[in-house]
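# What the coordinates show
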Amino acid sequence: MRKYCVKALLEPPFQPFVSTESPRVRVVVKRLAGIGGIQVQSRRVCAHLTSRGLPVTMLCHQPPRGKDLSAWAAGFSCEFLPARNQWDFARVIYRHLLTTADSYDLIHVYGLGPEFLAACAARRRLGKPLIAQPCVSGPGSRLSGARRLAGKLPHALTRALRTCWHPPDCWVSLSEQIREDLLGFGIDPARIVMLPNGVDTEQFRPASPDERARLRCELGIGADERVIATACRLVPHKRIDLLIRAFHAVSDQHPYANLWILGEGEHRPSLEALAHSLPISDRIRFLGRVKPQQVVRYLQACDIFTLPSLREGLSCAVQEAMACGLPCVVTEVSGTRELINSGVSGVAIPPDDEPAAVGALAALLADGDLRARMGKAARRHIETTFSLSGTVGRYEALYTAVTRGEAPATLG
């Protein structure tokens, strides 16, 4: 598959496909269906676009013996394509896009993994327009790595590398950091459109005092207790280990504080071992994978949300917490700069700075008025800037513009 993708990418492209009708879209997402913020956001967008009458089909990676995921795709069309690994998924995607070419007008690929190369190769072969959407920026991400690599290679190799990235007709940027990385890689600014993630502010909202009291009772939270929560894939770059140590540092001064960790991932065993090694392990709860419709219950019952990642795109988890009226402690990485006005709607700290995390959590735990002010400001910011209905409307306009051959930057 690697050789086939590279060969197709280096071939001269067909003439661009142009449509004047409502575009039929194939959305390609990486990883297994239902895992990670990319899947959550793309699922919501696809469901809302479908409700507006736009023919959208998502293509997802599923293991050969995967479980039934039909309920996950309720409300929109989704095809689960069995594959052994990411490169096998790219091979399956490429063949699928070629053999079903008559049934769609536009490809939208999330992420920059092998599935991105497969979509680019299909774009070269078919001439169908392609939208590419990097989902993460920062140290360790493919986007930042490609940008650094391009600056170190000889000129001829840099041109070859950029040729492989040329096929997309449009690049969707979730944040200013992603846009800066794309520009640094040599992408034409006219092909970049700023289109942030959106959150359903009717589903994710602050609970009323009565609702909150009932939820906290159901979840076993005492009236005097405070809950710090995080929700993410448990992988090293999310730095939940730093969060656990920071929580330990503030626990003596705040004996009624608890830490909830929502999510699954490869790092969970080591994180549980770290928590169990501490004297406050009984105040740290690993809640595992929580269904999207249940996440809101936990957020409405909590007091503080935190995400100390080393890299992000535009975190859906932080957006959801803000929509629920929670003050957030986040690291100053891609996307959080647009979300958090530090000192107003939350606290932004430097990446990998444990003392700063300890100070921010301690200040919020100690001051209920501060939590309330920041939570209200966070909710207002989400309502005015990051509503899901606005995001879906812009995707609809973008799909139409790209299939008509219009410059996508006019929408940004």
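Structure: see above.
Summarised in this report is the structure supplied together with it. (Residues numbered from 1 in each chain as written. Predicted model: local features only at pLDDT ≥ 70, side-chain atom pairs only at ≥ 80, totals over all residues. Heavy atoms only, no water.)

### Remarks on the side chain of serine 309
Our working rule: A helix here means a DSSP run of H or I that spans at least four residues, while a strand means a run of E at least two residues long, and both kinds are numbered starting from the N terminus. Residue burial is assigned from relative accessible area. The probe radius is 1.4 Å, only protein chains are included, and a residue is buried under 20% of its type maximum, exposed over 50%, and partly exposed in between. For the purposes of these results, a polar contact is taken to be a pair of N or O atoms within 3.5 Å, where, inside protein, one atom must be able to donate a hydrogen and its partner to accept one; residues adjacent in sequence count only when each atom of the pair is a side-chain atom.
As for its placement among the helices and strands, serine 309 is situated in the loop between β11 (304-307) and α12 (316-323). For serine 309, a relative accessible area of 0% translates into the label buried. Reaching out from serine 309, the side chain makes a polar contact with the side chain of glutamate 312 at a distance of 2.6 Å.

### Some thoughts on the sheet that holds strand β8 (residues 226-231)
Here is the rule: Paired strands, in this sense, are two strands between which DSSP finds at least two bridges. Where helices are involved, their axes are fitted lines through C-alpha atoms of the stretch in contact, as for all axes, and angles between N-to-C directions lie from 0 to 180°.
One open sheet accounts for six strands, arranged β10-β9-β8-β11-β12-β13; its pairing is parallel. Each of the sheet's edge strands pairs with one partner strand only, and the pair in question is β10 (284-288) and β13 (346-349). In this sheet, adjacent strand axes meet at a mean angle of 20° when their direction is disregarded. As defined by bridge partners, β11 adjoins strand β12 (residues 328-331) across three bridges and the pair is classed as parallel. Looking at the pairing, phenylalanine 305 lines up with cysteine 328 of β12.

### A look at helix α10 (residues 268-276)
Just so we agree on the cut-off: As used here, the arc is the angular range of directions from the helix axis to the C-beta atoms. The contact rule is simple, with two residues in contact once any of their heavy atoms fall within 4.5 Å.
For α10, the set of buried residues is Arg268, Leu271 and Ala275. Viewed end-on, α10 has its buried residues packed into an arc of 65°, placing them on one side of the element. Of the residues in α10, the exposed ones pointing more than 90 degrees away from the buried face are Pro269 and His276. Looking at the buried side of α10, the elements it contacts are α9 (240-251) and β10.

### As for the nonpolar core
The condition is simple: Nonpolar core, defined: a set of buried Ala, Val, Leu, Ile, Met, Phe, Trp, Tyr and Cys residues in which side-chain atoms within 4.5 Å join the residues together.
By size, the foremost hydrophobic cluster in this structure holds 95 residues, and its most contacted members are Ile244, Trp260, Ile284 and Phe305. Per-element tally for this core: the top contributor is α9, with seven residues. Contact partners of tryptophan 260, with chain neighbours within four places excluded, come to Leu219, Ile221, Val227, Ile228, Ala229, Thr230, Arg285, Leu287, Tyr298 and Cys302.

### Observations concerning the pattern of salt bridges
Keep this limit in mind: The rule for a salt bridge is simple: a side-chain nitrogen of Lys or Arg has to be within 4 Å of a carboxyl oxygen of Asp or Glu.
Applying the stated criterion to the full structure yields 19 salt bridges. Two residues, glutamate 396 and arginine 52, come together in a salt bridge whose shortest N-O distance is 3.2 Å. Of this pair, glutamate 396 sits in helix α16 (residues 388-403) while arginine 52 sits in the loop between α2 (37-51) and β2 (56-62), and the two are 344 residues apart along the sequence. Of the charged contacts in the structure, one is a salt bridge between glutamate 383 and arginine 379, with a shortest N-O distance of 3.2 Å.

### Thoughts on helix α7 (residues 176-184)
All of the buried residues along α7 are Ile178, Asp181 and Leu182. Buried residues along α7 cover an arc of 100° about the axis, so they all sit on one side. Remark: glycine 186 follows α7 within two positions and exhibits a positive phi of approximately 100°.

### What to know about the pairing of strand β6 (residues 170-173)
Heads up, the condition is: Assignment of crossover handedness uses the view with strands pointing away from the viewer, where a clockwise path from the first strand over the helix to the second indicates a right-handed crossover.
Both faces of β6 are covered, namely the face carrying Cys170 and Val172 and the face carrying Trp171 and Ser173. Taken together, the two bridges between strand β5 (residues 130-133) and β6 define a ladder with parallel strand orientation. Across the sheet, isoleucine 131 pairs through a bridge with cysteine 170, a residue of β6. Alignment of β6 against strand β7 (residues 192-194), held across three bridges, turns out to be parallel. When the bridges of β7 are listed, valine 172 appears paired with valine 193. In this fold, β6 hands off to α7, which returns the chain to β7; that crossover is right-handed.

### Side note on unusual backbone geometry
With phi around 55°, arginine 239 is a residue other than glycine that occupies positive phi space. Looking at where arginine 239 falls in the secondary structure, it is placed in the loop between β8 and α9. Judged by its relative accessible area of 11%, arginine 239 is buried.

### Examining the environment of arginine 239
Linking arginine 239 and aspartate 352, residues 113 residues apart in sequence, is a C-alpha distance of 7.7 Å. Look past the residues within four positions of arginine 239 in its chain and what remains in contact with it is Arg245, Pro308, Leu310 and Asp352. Side-chain polar atoms of arginine 239 contact the side chain of aspartate 241, separated by 3.0 Å.

### Regarding the environment of proline 355
Inspection of the secondary structure puts proline 355 in helix α14 (residues 354-366). Along the primary structure proline 355 and arginine 245 are separated by 110 residues, whereas in three dimensions their C-alpha atoms are 9.9 Å apart.

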